[in-house]
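# Structural features, examined
Spelled out from the first residue to the last, the chains are:
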Amino acid sequence: MVAQELGIPAIGISNFTWHYIYSNLLGETESVELLAEAYRAGENALVLPFNEEMGLFRSRRKINLVSREITKPKASLRTKHGIPDSDLVVYLGLGKSLGSAFLRHLKDIDAPGIRFLVASGIQLPHKNVIHIPDGEIETQNYIAMCDLVVSKAGYSTASEAIKAGVPMFIFRRAGYEEDKLIAGGVESMGIGKEIFREQFLNLEWIEELDNLEQYRLKFDGLDSRFKDDGLTQAVDAIGEAVL
């Protein structure tokens, strides 16, 4: 709405709107309608993969996956952390929406031949846990170091795993409508599967670590929207709007 008052273009870049989230969570309340009005004021939506309809915008343009480039070789990070080639590295992604109370229910993860990668602020009392260094901003390189991502659904994690060709086991969070788009998309493309929160906590998915190759093979056949970089498309669209 501010852009509308200033007479300049307003462009959204996302795979969902907050109206989509809150209308499903709360219904069409007065506050939710204010969100709708704000999105209707936008000129255009650049729609990322794993998307909802984004129908509140006046026009929509689908663009390819946008994700950060991998800047460090997988082997160099594994060497830095003393991980032998024979070990599997699994990223456990929780984000800020799930706290330490959730992790208290996690089953003992001391498993031979498996290293678990977690964010710097996650504390787990196990010897085979590796932390992403505090202050590290190129975290996409750590996702690329892994053999599997086991995580709550989220665009950033999913896009970086796709960029690196890393299979995913994804679980949904209650009240996050976007999660079904991501979890369902990962499963339908065959590059991973949806799991339940309980399966994340009881480590039931570990039984499938010997079968990861079936998911890796699916990356080569992905639609171009997931293989080609959407950043140039986004830059071009913004340029068209402001020039």
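### Notes on unusual backbone geometry
Here the phi dihedral of F50 falls at roughly 60°; this positive angle occurs in a residue that is not glycine. Looking at the secondary structure, you find F50 in the loop between β2 (44-47) and β3 (60-62). In this structure, M54 takes a positive phi of about 55° despite not being glycine. One can find M54 in the loop between β2 and β3.

### Overview of the nonpolar core
If you look at the biggest cluster of nonpolar residues, it comprises 35 residues, and the most contacted ones within it are F50, L117, I162, M168 and I191. For this core, the secondary-structure elements that each account for two or more residues are β4 (88-93), α6 (140-145), α7 (155-164), β8 (168-171), α8 (178-189) and α12 (231-242). Not counting chain neighbours up to four residues away, the residues in contact with I162 comprise F50, L65, M168, M189, I191, F219, L222 and F226. Core analysis: the second largest hydrophobic core is formed by 26 residues, F116, V150, F171 and L209 among them.

### Here we look at the packing of aromatic side chains
A complete count under the given rule lists 7 aromatic pairs for this structure. Taking 4.9 Å as the distance between ring centres and 50° as the angle between the ring planes, the aromatic pair formed by F171 and F200 counts as tilted. Of this pair, F171 sits in strand β8 while F200 sits in helix α9 (residues 197-202); the two residues are 29 residues apart in sequence, bridging distant segments of the chain. One aromatic cluster is present, formed by F16, W18 and Y22 through successive ring pairs. Between R173 and the ring centre of Y176, over which it is positioned, the NZ or CZ distance is 3.8 Å.

Calculation rules
- Residues numbered from 1 in each chain as written.
- Predicted model: local features only at pLDDT ≥ 70, side-chain atom pairs only at ≥ 80, totals over all residues.
- Heavy atoms only, no water.
- Helix = DSSP H or I, 4+ residues; strand = E, 2+ residues; numbered from the N terminus.
- Core = buried A, V, L, I, M, F, W, Y, C linked by side-chain atoms within 4.5 Å.
- Buried < 20%, exposed > 50% of the residue type's maximum accessible area, 1.4 Å probe, protein only.
- Contact = heavy atoms within 4.5 Å.
- Phe/Tyr/Trp six-rings, centres within 6.5 Å; stacked < 30°, edge-to-face > 60°.
- Lys NZ or Arg CZ within 6 Å of the ring centre and 35° of its normal.

By themselves, these are just geometric observations and shouldn't be taken as functional.
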